[in-house]
Amino acid sequence: MSKEIVIMIIGMAVVTYIPRMLPFVMFRGKELPPFLQGVLKNVPYATLGALIFPAILFIQEDIWYGIIGAAAAFIVAFLGANVIVVVIGSIAVLSVYSYFL
Amino acid sequence: MESTLAVKQATDFKKGVQSGISIAIGYMPIALTFGLIAKTTGLALGETVMMSMLVFAGAAQYISLSLLAQGIGIFEIILTTFIVNIRHFLMSASLNEKAEEDSIGARMGYSFGITDETFSVAATREGTVNAGYMFGLNLTAYSSWVFFSGLGFLIGAGLPQTLQESMSVALYAMFVGLLVPSMKSNVKVVYLAALAAAFNSIFTMGELMSTGWSIVLATLLSAILVETVETFKTGRRTEADE
């Protein structure tokens with residue numbers, strides 16, 4: 001292993017771990033102001049929106065790939081399926097799509 | 001008393017493992033590809049696995065490879081990693097709101113495994129989360145990430161191309177699967193997700209900032225805007241009631 005790469009990996013590990021860990025230690029057992037609590041409770045759904053879009057459109061060069069994958073996932077999820085079924089269902093739909101392409 | 005606590009932690013751990021399975025499936029193609037690209041970038045097997053074990057952050061790891069390939073220095077790579085991963089601060093702060101008061105040591109342990117995916121699964125779960133659940137969830141995701149990074153390095157392009165391509169949707173499908181049930185029961189979730197998606201599209205497609213900052217800013221703006229509107233509305237309602 002190259003020494004430079006190992007130093008880089010350790011540096012990356014440290015700067016990745018600190019933001020993950022700090023809130024769990026800093027805010028443990030602390031009551032934050034109600035407005036801030038409300039914002040933090042909104043974060044998961046806002047994050048999901050930002051994580052899905054627009055990135056899902058660009059998973060392959062063919063933009064239809066992302067559109068069909070997203071549509072399949074939305075429909076299967078809307079019908080009330082479990083997350084794993086949504087994942088496997090979208091993979092299956094896209095496999096069929098790329099097979100006929 | 002002690003043994004019932006141990007039993008509860010064990011059951012929660014199992015529940016965490018079960019919730020982690022969709023992440024483990026989703027990580028498979030990404031980790032395999034990471035291993036393959038790491039090899040073509042010139043990393044050794046040990047370095048590849050070590051990065052997945054210690055950093056455990058997909059996007060940052062991919063970016064580091066492309067920066068290495070361009071001959072960028074390690075200080076810039078570490079700085080970029082920090083910027084790309086700063087969003088985890090927001091996620092941990094949010095998840096902390098529904099985390100039970102486990103010991104500092106336990107919290108420092110499981111916080112290592114906070115990723116976009118483990119956070120999304122834990123944060124959309126009903127009720128609270130505790131150390132048992134978080135360790136089960138994160139370990140499942142982590143094992144898949146590390147194992148398939150190494151395997152990707154070794155077997156690389158062994159998987160059929162069409163399967164690799166269709167599996168690239170897996171994590172996004174999981175995000176959709178986590179989001180939609182909450183959207184159906186709460187219209188506020190629709191606004192939150194749609195606003196953040198719109199902001200993120202403007203920021204990234206308008207090339208106003210890097211993806212790392214864009215996700216943080218889009219999330220914060222959406223969460224604050226929706227909360228402000230809600231506070232304002234409920235405030236007015238209370239006044240009207242008086």
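Residues numbered from 1 in each chain as written. Chains lettered and ligands numbered in written order. Predicted model: local features only at pLDDT ≥ 70, side-chain atom pairs only at ≥ 80, totals over all residues. Heavy atoms only, no water.

Caption draft 1: Spatial organisation of the pattern of salt bridges. All names here are of chain B. Inspection of every chain in the model, using the stated rule, returns 4 salt bridges over all chains. With its nearest N and O atoms 3.0 Å apart, the salt bridge here joins D12 to K8. Of the two residues, D12 and K8 both sit in helix α1 (residues 2–41), 4 residues apart, roughly one turn of that helix. Since its relative accessible area comes to 8%, D12 is described here as buried. Looking at K8, the relative accessible area reads 41%, which means it is partly exposed. A salt bridge links E227 to K188, with the shortest nitrogen-to-oxygen separation between them at 3.9 Å. (Salt bridge = Lys/Arg side-chain N within 4 Å of Asp/Glu carboxyl O. Helix = DSSP H or I, 4+ residues; strand = E, 2+ residues; numbered from the N terminus. Buried < 20%, exposed > 50% of the residue type's maximum accessible area, 1.4 Å probe, protein only.)

Caption draft 2: Broad picture of the interface of chain B and chain A. Facing the 88 residues of chain B at the interface are 66 residues of chain A. The junction of chain B with chain A conceals about 7000 Å² of combined surface from both sides, 77% of it contributed by carbon and sulfur atoms. For the pair chain B and chain A, the number of links is 0 salt bridges. Taken together, the links from chain B to chain A amount to 18 residue pairs in polar contact (both at pLDDT 80 or more). (Contact = heavy atoms within 4.5 Å. Buried area = accessible area lost by both parts, 1.4 Å probe. Polar contact = N/O pair within 3.5 Å; in protein donor to acceptor, adjacent residues only side chain to side chain.)

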